[in-house]
Amino acid sequence: MDILVIGGGGREHAIVRKLKESPKVGKLYCTPGNGGISRDAECAPVGAMDKDGVLAFAKEHKVDFVFVAPDDPLAAGMVDHLEAVGFKCFGPNAKAAEIESSKVFSKNLMKKYGIPTAAYEVFTEQGAALDYIKEQGKYPVVIKADGLALGKGVVIAQDAGEAEKALQSMMGEKIFGESGSRVVVEEFLTGPEVTVLAFTDGETLYPMASSMDHKQAYDGDKGPNTGGMGTISPNPAYTPEAEKRCMEEIFLPTMKAMNAEGRRFKGCLYFGLMLTPDGPKVIEYNSRFGDPEAQVVLPRLETDLVDIITAVAEERLSEVEMKWSDKACACVVMASGGYPGSYPKGIEIEGLDADGQIPGKPEVTVYHAGTKLENGKFYTNGGRVLGLTALGADLEEALQKAYEAVGQVRFEGAMFRKDIGRRKL
Ligand code: AMP
Ligand code: GLY
């Protein structure tokens, strides 16, 4: 099978590398890809949002399957566009992807079907939202832009002043564009956060190994929110009891709710969960693999990923048997100085071999997020640059190997967190 992967970050590199392990794969393409991905798949400069460009590429190269990985092309109907002319795809159609692209939709879905989540109200007017927050007088309070906002559309306001500022930037100044024309104001929950990704074809749902993200930029969970600065799998807070409750109270009810709404979800459904004193609750859904969650979950997958994605597309996932490694996995992200604010690009990365990996360290995988390759050298080309990832007998060993690898890679201004996997639960 010749497969095209859409996207160009660390997540897509992890997907490409896992697909490459399959004996069933012929040619692998990735658009637009990046410097590191180009060592594992043929890349071409077709933007992830360019529906006609992707379709033309898929036709020209006669690919057998398209894996749409990022949220924005899914929300924009990339899968609908490709399926309409007969391409098989992994990923939800636009109607199903709305579970991520509209917080108002997902909150209302949870309310309607009794899926546990934070209590909330929806507002289309800035003044009404602020009045409500002041009336409630409960802080911190969580304010979320309705639409996609690059993971930055959530503000935890500690007082009325912070709430007013957040509402003004989302609804007044529209810093996220139309994504902020509606906001969700919700109750602040506490407890350890867990990410569970699940493969589903709308009839069968297989949760993958659990993981933990580290969203804040700096050690001790301080600083601005990012796309994710590192991950571990499994998540130590996710007990067998929590797993059982999540399956019964959240995962299966969500799959069924989407069917009942005529939005059958096929692909990878991302459950962002909080294990609160009142039980597990949904913080957010995503319609795709997390980044950098994919980087620690996929290395633990022992079933052939091609068998899974084709079964999802053909709605026969129940025929596939899922196998996971007992090993633990850790990923430490190295980012450009200044990320998630503005940062320079084009800085040479030292310590990598011709394939963008660390020489003499086959036990470590370097997933490239924002790199480009020019004349045999790798340069920074994004906020998150690399994800240094290792498997180990336990989390301790995986973290030790990943951090050892961090020590071997250098680029000017590089930032990384030193406390991935060290959060007190
Ligand atoms: P989201 O983009 O919805 O995942 O939110 C980003 C982060 O904000 C989450 O990972 C949580 O740490 C935090 N967060 C979101 N909603 C809540 C909530 N209701 N209570 C507490 N923290 C929250
Ligand atoms: N790492 C969080 C996300 O992919 O949404």
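Residues numbered from 1 in each chain as written. Chains lettered and ligands numbered in written order. Predicted model: local features only at pLDDT ≥ 70, side-chain atom pairs only at ≥ 80, totals over all residues. Heavy atoms only, no water.

A. Structural detail: the site of ligand 1. Neighbouring ligand 1 are 15 residues; Glu186, Glu187, Leu189, Glu193 and Glu284 lie closest to it. Lysine 103 has a polar side-chain atom sitting 3.3 Å from an oxygen atom of ligand 1. One of the side-chain nitrogen or oxygen atoms of glutamate 193 is found 2.3 Å away from an oxygen atom of ligand 1. Its free accessible area being 470 Å², ligand 1 has 92% of it covered by the protein chains. Listed by contribution, the elements that provide at least two residues to the shell around ligand 1 are strand 7 (141-145), strand 8 (154-157), strand 9 (183-187) and strand 17 (279-286). Broken down by class, the residue content of the shell around ligand 1 amounts to 8 nonpolar, no polar and 7 charged. (Near = heavy atom within 4 Å. Polar contact = N/O pair within 3.5 Å; in protein donor to acceptor, adjacent residues only side chain to side chain. Areas by Shrake-Rupley, 256 points an atom, 1.4 Å probe, with all protein chains shown as cover. Helix = DSSP H or I, 4+ residues; strand = E, 2+ residues; numbered from the N terminus. Nonpolar A, V, L, I, M, F, W, Y, C, P; charged D, E, K, R; others polar.)

B. Just unusual backbone geometry, in detail. Looking along the chain, the bond that leaves tyrosine 139 and enters proline 140 is cis, with omega of -5 degrees. By the secondary structure assignment, proline 140 is in the loop between helix 7 (126-136) and strand 7. For the bond from tyrosine 339 to proline 340, the omega torsion is 5 degrees, close enough to zero to count as cis. Secondary-structure assignment places proline 340 in the loop between strand 18 (328-335) and strand 19 (364-368).

C. Structural view of the packing of aromatic side chains. Counted under the stated rule, the structure contains 10 aromatic pairs. Centroid distance tyrosine 29 to phenylalanine 57: 5.4 Å. Interplanar angle 80 degrees. Geometry classified as edge-to-face. Here tyrosine 29 is found in strand 2 (residues 28-32), whereas its partner phenylalanine 57 is found in helix 2 (residues 51-60), with 28 residues between them in sequence. Note on tyrosine 29: relative accessible area 4%, which makes it buried. Judged by centre distance (5.2 Å) and plane angle (45 degrees), the ring pair of phenylalanine 123 and tyrosine 132 falls under tilted. Comparing phenylalanine 123 with tyrosine 132, the two get one shared label, buried. (Phe/Tyr/Trp six-rings, centres within 6.5 Å; stacked < 30°, edge-to-face > 60°. Buried < 20%, exposed > 50% of the residue type's maximum accessible area, 1.4 Å probe, protein only.)

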